[in-house]
Amino acid sequence: MAININDLAAEIHRTLANYAHGVGEDIEKVAEKVAKKGAQQLKARSPVGARHRYAKGWRAKKIGKQWVVHNTEYQLTHLLEKGHAKVGGGRVPAKVHIAPVEEEMITEFIQGVEGAIRG
């Protein structure tokens, strides 16, 4: 395929636009996969006490262009992850379960984006 030198800039622009569109779609798929997998991991790793609703409450949801992982019992996430003071004195120890999953999700997303860029 021969390209006229005058059309070279337009052809480069068209090729890069097609590449960027494809990479964007791949990154969107990676984000969805990582968010859904993260929600499932949080369901499995969450502390299960008297309220099973907390462990079952993890969701992955697309808001605008972003995927968000959240819990329907959001009031408990900080208290369980960081620990809290008891009413009669003393402290409830932290049950760290969100931070490890977050780190795994970040690593997996970065690897997925790098793979999408490489093609």
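What you are looking at is a predicted structure, and each value in this text was computed from that prediction instead of being measured.

*Asks:* Explain the packing of aromatic side chains residue by residue, including any values.
*Replies:* In the structure shown here, the tally under the stated rule is 1 aromatic pair. With a centroid separation of 5.8 Å and 75° between ring planes, the pair formed by Tyr54 and Trp58 is classed as edge-to-face. The buried category is assigned to Tyr54, whose relative accessible area is 1%.

*Asks:* An account of the nonpolar core is needed here, citing residue identities and associated values.
*Replies:* If you look at the biggest cluster of nonpolar residues, it comprises 10 residues: Val30, Val34, Ala39, Leu42, Tyr54, Trp58, Leu76, Leu80, Val101 and Met105. Among the elements of the structure, helix 1 (8-45), helix 3 (75-82) and helix 4 (98-118) are those that each provide at least two residues to this core. Residues contacting Tyr54, with those up to four places away along its chain left out, are Ser46, Pro47, Asn71, Glu73, Leu76, Thr77, Leu80, His97 and Ile98.

*Asks:* I'd love a proper account of the packing of helix 1 against helix 4, names of residues and values included.
*Replies:* At a closest axis distance of 9 Å, the pairing of helix 1 and helix 4 adopts a crossing angle of 160°. One way to sum up the angle between helix 1 and helix 4 is to call them roughly antiparallel. In this structure, helix 1 meets helix 4 at a crossing whose hand is right-handed.

*Asks:* Which residues make up the environment of Lys43, and what values do they have?
*Replies:* You can see Lys43 is positioned in helix 1. Sequence separation between Lys43 and Arg53 is 10 residues, and the spatial gap between their C-alpha atoms is 10.0 Å. Sequence-distant contacts of Lys43, defined by excluding residues within four places in its chain, comprise Ala55, Lys56, Trp58 and Arg59.

*Asks:* Give a detailed account of helix 4, specifying residues and quantitative values.
*Replies:* Each turn of an α-helix holds 3.6 residues, which means side chains three or four residues apart point in the same direction. Given a rise of 1.5 Å per residue, 21 residues ought to cover 30 Å, and the 30 Å separating the end C-alpha atoms of helix 4 matches this to within 8%. Residues of helix 4 that are buried include every one of Val101, Met105, Gly112, Val113 and Ala116, and no others. Considered in projection along helix 4, the buried side chains sweep an arc of 100° and stay on one side of the axis. Facing away from the buried side of helix 4 by more than 90 degrees, the exposed set consists of Gln111 and Arg118. Tucked inside the fold, the buried residues of helix 4 contact helix 1 and strand 2 (66-71). After helix 4 finishes, the residue Gly119 shows a positive phi value of roughly 90°.

Reading guide: rules and limits
- Residues numbered from 1 in each chain as written.
- Predicted model: local features only at pLDDT ≥ 70, side-chain atom pairs only at ≥ 80, totals over all residues.
- Heavy atoms only, no water.
- Phe/Tyr/Trp six-rings, centres within 6.5 Å; stacked < 30°, edge-to-face > 60°.
- Buried < 20%, exposed > 50% of the residue type's maximum accessible area, 1.4 Å probe, protein only.
- Core = buried A, V, L, I, M, F, W, Y, C linked by side-chain atoms within 4.5 Å.
- Helix = DSSP H or I, 4+ residues; strand = E, 2+ residues; numbered from the N terminus.
- Contact = heavy atoms within 4.5 Å.
- Axes fitted to C-alpha atoms, helices over the stretch in contact; angles between N-to-C directions.
- Parallel < 35°, antiparallel > 145°, perpendicular 65-115°, else oblique.
- Left-handed = near helix turned anticlockwise from the far one by under 90°.
- Expected span 1.5 Å × (residues − 1).
- Arc of directions from axis to C-beta.

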